[in-house]
Amino acid sequence: MHRCLGRLTLKPGVGIRRFASLSSTEHPLAYDVCVIGGGHAGCEAAAGASRTGARTLLLTQNLNTIGELSCNPSMGGVGKGTLMREVDALDGLCSKVTDAAGIQFQMLNRSKGAAVWSPRAQVDRKLYKKHMQGVLHNYPNLNIRAGSVFDIVLGTPTRSHGLSHSEVRGIKLDSGEVISCSQVVICTGTFLSGEIHIGLKRFPAGRMNEAPSVGLSASLNAAGFRLGRLQTGTPARLAKDSIDFSKMTVQYGDQVPTPFSFMNDVVENADNQIQCYMTQTTPTTHDIVRANIGQCVHIQETKKGPRYCPSLEAKVMRFPQKASHNVWLEPEGYDSELIYPNGLSCSLPEDVQEQMYRSVPGLENAKFVRPAYGVEYDHIDARELGPTLETKRIKGLFLAGQINGTTGYEEAAGQGVVAGINAGLSALQRPPLVISRAEGFIGVMIDDLIVKGAEEPYRMFTSRSEYRMTLRSDNADLRLTEKGRIAGVVSDVRWTRFEETRAEIIRVTQLLRTCVLSPQKWQSYGFDRKNDGAMKSAYELLRHRNVPIQALTRILPELNAVHPHILTRVETDAVYSSHLRRQEADLRVFLEDESLSLNPHLDYNTVEGLSSEVKERLAKVRPTSIGAAKRMEGMTPSSMIYLLRHARRTNAIKLPTGSPSALADDTEALTS
């Protein structure tokens, strides 16, 4: 019999949890996948599940807020831009929508190596939402409807190795309606028991004037999931005509914008980019914050806020020696009269906010349209998940976005596309799509979450990856599009475009490799080469920083007909070629460890030699590979040897095909 985690309300504020049977008179609608939430994770999850061919339903409380930019009006940034490119490589939506809705584009870190180049765009809020909704409402295999989900309908639970296991059977709405499905993807963002803080005031909401999702938190808690609380926040919205921009530094976009999507050569608004502005806080600003810090319930609470996008209160307390912090004034759209003051997020009382904001140069007469506020919300311990983002306790239940402890649109989109695709594949009984740390920033993020959890809101940076010279924003398609095609989630149109791009990169690379000249010949063309007698190809010459690929057109005029994007990609590959050869050895070791799969239901109490602490850690995380176990905190080389020997002896480990000697020397393999 199917059962549903329900709530029996005794009186206001008091409730008990129980398993309630589904009535035989209920006639549930049937889908393969139900996605809960229409934010960035939900949009990508719904589209991803639909691309597998699964019948998909996207459920959200308000149809008008699908694709809403809840906080800053921008997409991309350091690390985040690479995540967006990877979502796009899997035929996701956010990059294409950003190219259509972007109103200022910049390639960050262009003065540094290409491994840390990061595309970023200011986005028109209305245009982004319009384009995202337009795509989703016409997406094959996808239905969209309004509704608030109260519960997950589950099959009868069983217990194994200390864990309760069950399967998804559907979802139950607040109205009592039951919708049948075999897979559910929860993408509730900050709405999961969300609570807004302004000064000492607190009230339930996921966003300003939008109700939180309360029933799901109770359901997840009753199912045994470990829940925690995290915090984030957003700055006030200011009236544009009340700001003195003459006191600020103008910030321009790139003259020739680089598209986010591999499907585009240009962005829609390249010739109509807006300006942003930069100012700074002052010592007076910081004094106002310090004097009123006791009036912030958001700061007084012990919940963790974002380290890398902190509130102004957190910055003032964490960096007392700093006399100022940068503030960027970002227009919210072409026809919007609102300005987003990036860097002034806070949760002070409203009257104090106005006083504090007006101490910033250019904001002396700023008018508030909406106050800043903090948000506190539930998240689950992401160590409850596997690499597909399916929960270990409940088969068919996937989680994506801020519910897993992350912060940011791009992190949510990256999780959403993986969770949605895998929910669809699971519904159709097809093999999962798993992205490893060696294949993408998405893989790095998911691995960090499911192995280490999130003690504070997780943000993606290039520095989190050991293989960032390989995992660049420019080559996400070469890394992931074929993988997506094999999984069946990449369209024919994108695949054709990808094959053409890949073939052109190979052709141009070969053209450069076959142009081999002596030092004297290179010198005759004006290139600085040592008279060492060594013959060098044009490809090798690109490793020198003072040799741009455009300089080679004198020798290879065929390059003039090559698209600039292709030239840049070939040049980047050439610059990093020597570094990549050194990184290949590290990748081989990593892939060997990842190919040794562990049974996620292994009973660690039967493993001889492991300490109680290590057993407890392994039982909590339940790693799915030897590589994941090695990355866990507290794992010693000796613990790994005991684990590997036990797993091999009990057939709890699966050797990679063609590697009969992979475990020939446990000690050498695990202590290297």
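Summarised in this report is the structure supplied together with it. (Residues numbered from 1 in each chain as written. Predicted model: local features only at pLDDT ≥ 70, side-chain atom pairs only at ≥ 80, totals over all residues. Heavy atoms only, no water.)

Turning next to the packing of helix α6 (residues 283–291) against helix α9 (residues 350–357). Where α6 contacts α9, the axes come no closer than 9 Å and their chain directions differ by 165 degrees. With respect to α9, the axis of α6 lies roughly antiparallel. Helix-helix and strand crossings are classified by hand; for α6 and α9 the assignment is right-handed. For the pair α6 and α9, contact is made by Thr285, Ile288 and Val289 and by Val352, Gln355 and Met356, respectively. (Axes fitted to C-alpha atoms, helices over the stretch in contact; angles between N-to-C directions. Helix = DSSP H or I, 4+ residues; strand = E, 2+ residues; numbered from the N terminus. Parallel < 35°, antiparallel > 145°, perpendicular 65-115°, else oblique. Left-handed = near helix turned anticlockwise from the far one by under 90°. Contact = heavy atoms within 4.5 Å.)

Approximately 1,200 Å³ is the volume attributed to the second largest pocket. As for the second largest pocket, its lining consists of 48 residues, and the residues nearest its centre are Gly386, Pro387, Thr388, Val434 and Thr624. With five residues, helix α11 (residues 441–452) is the largest single contributor of residues to the lining of the second largest pocket. Among the residues forming the lining of the second largest pocket, the class breakdown is 20 nonpolar, 15 polar and 13 charged. (1 Å grid on protein atoms, 1.4 Å probe; cavity = no way out; pocket = protein on both sides within 12 Å on 5 of 7 lines; lining within 4 Å. Points joined across faces, edges and corners; volume = space filled by probe spheres on them. Nonpolar A, V, L, I, M, F, W, Y, C, P; charged D, E, K, R; others polar.)

With that out of the way, let us pick up helix α19 (residues 637–649). Here α19 is 13 residues long and its end C-alpha atoms lie 18 Å apart, about the 18 Å a rise of 1.5 Å per residue gives. The set of residues buried in α19 consists of Ser639, Met640, Ile641, Leu643, Leu644, His646 and Ala647. (Expected span 1.5 Å × (residues − 1). Buried < 20%, exposed > 50% of the residue type's maximum accessible area, 1.4 Å probe, protein only.)

What the six strands build is an open sheet, ordered β19-β20-β21-β22-β18-β23; its pairing is antiparallel. Across the chains shown, the open sheet's two edge strands, defined by having one partner strand only, are β19 (249–251) and β23 (368–370). Direction aside, neighbouring strands of the sheet carry axes that sit 35 degrees apart on average. In the sheet, strand β18 (residues 237–239) pairs with strand β22 (residues 338–342) via two bridges, with the strands oriented antiparallel. Looking at the pairing, alanine 239 lines up with leucine 338 of β22. (Pairing = 2+ DSSP bridges.)

A separate point is the packing of aromatic side chains. In the structure shown here, the tally under the stated rule is five aromatic pairs. Ring centres of phenylalanine 105 and phenylalanine 260 lie 6.4 Å apart, and the angle between their planes is 55 degrees; this geometry places the pair in the tilted category. One end of the pair, phenylalanine 105, is in strand β7 (residues 102–108); the other, phenylalanine 260, is in the loop between β19 and β20 (276–280), and 155 residues separate them in sequence. Here phenylalanine 105 and phenylalanine 260 have matching classes, each one buried. (Phe/Tyr/Trp six-rings, centres within 6.5 Å; stacked < 30°, edge-to-face > 60°.)

This part covers the environment of glutamine 275. You can see glutamine 275 is positioned in the loop between β19 and β20. Judged by relative accessible area, which is 32%, glutamine 275 ranks as partly exposed. Non-local contacts of glutamine 275, meaning those with residues more than four positions away in its chain, are made with Gln104, Val250, Gln251, Tyr252 and Pro331. In this structure the side chain of glutamine 275 is engaged in a polar contact, spanning 3.2 Å, whose partner is the side chain of tyrosine 277. (Polar contact = N/O pair within 3.5 Å; in protein donor to acceptor, adjacent residues only side chain to side chain.)

Let's shift gears to unusual backbone geometry. With a phi angle near 65 degrees, asparagine 109 is a residue other than glycine that sits in the positive phi range. For asparagine 141, which is not glycine, the phi torsion reads 70 degrees and is therefore positive. Residue placement: asparagine 141 occurs in the loop between α4 (125–137) and β9 (142–146). Accessibility expressed as a relative area gives 40% for asparagine 141, which makes it partly exposed.

Before going further, it helps to spend a moment on the sheet that holds strand β4 (residues 33–36). One open sheet accounts for five strands, arranged β9-β5-β4-β14-β26; its pairing is parallel. This sheet does not close on itself; its edge strands, each paired only once, are β9 and β26 (397–399). When the angles between neighbouring strand axes are averaged without regard to direction, this sheet yields 20 degrees.

Our focus in this paragraph is the environment of leucine 83. In this structure, leucine 83 sits in helix α2 (residues 80–89). For the pair formed by leucine 83 and glycine 414, sequence separation is 331 residues and the distance between their alpha carbons is 6.1 Å. Here leucine 83 is in contact with Glu410, Glu411, Phe441, Ile442, Met445 and Met460, once residues within four sequence places are set aside.

As a rule of thumb, nonpolar side chains are buried together in soluble globular proteins. In terms of nonpolar packing, the biggest core is built from 117 residues, with Ile171, Val184 and Ile186 touching the most fellow members. A per-element tally of this core places helix α10 (residues 409–427) first, with ten residues. Not counting residues up to four positions away in its chain, the partners in contact with isoleucine 171 are Cys34, Ile36, Leu59, Val149, Asp151, Ile152, Val153, Glu177, Val178, Ile179 and Val184. Core analysis: the next-biggest nonpolar cluster, separate from the first, contains 24 residues, Leu517, Tyr539, Ile555 and Leu567 among them. (Core = buried A, V, L, I, M, F, W, Y, C linked by side-chain atoms within 4.5 Å.)

Further remarks concern α10. The end-to-end C-alpha distance of α10, which contains 19 residues, comes to 26 Å, matching closely the 27 Å that a straight helix rising 1.5 Å per residue would cover. Most of α10 sits inside the fold, with 18 of its 19 residues counted as buried. At the exit of α10 stands glutamine 429, carrying a positive phi of roughly 60 degrees.

We now examine the side chain of aspartate 32. Mapped onto the secondary structure, aspartate 32 falls in the loop between β3 (29–30) and β4. A relative accessible area of 13% places aspartate 32 in the buried class. Dropping the residues within four chain positions of it, aspartate 32 is found in contact with Ala54, Arg55, Cys181, Ser182, Gln183, Ala427 and Leu428.

Keep in mind these numbers describe shape, not what the thing actually does.
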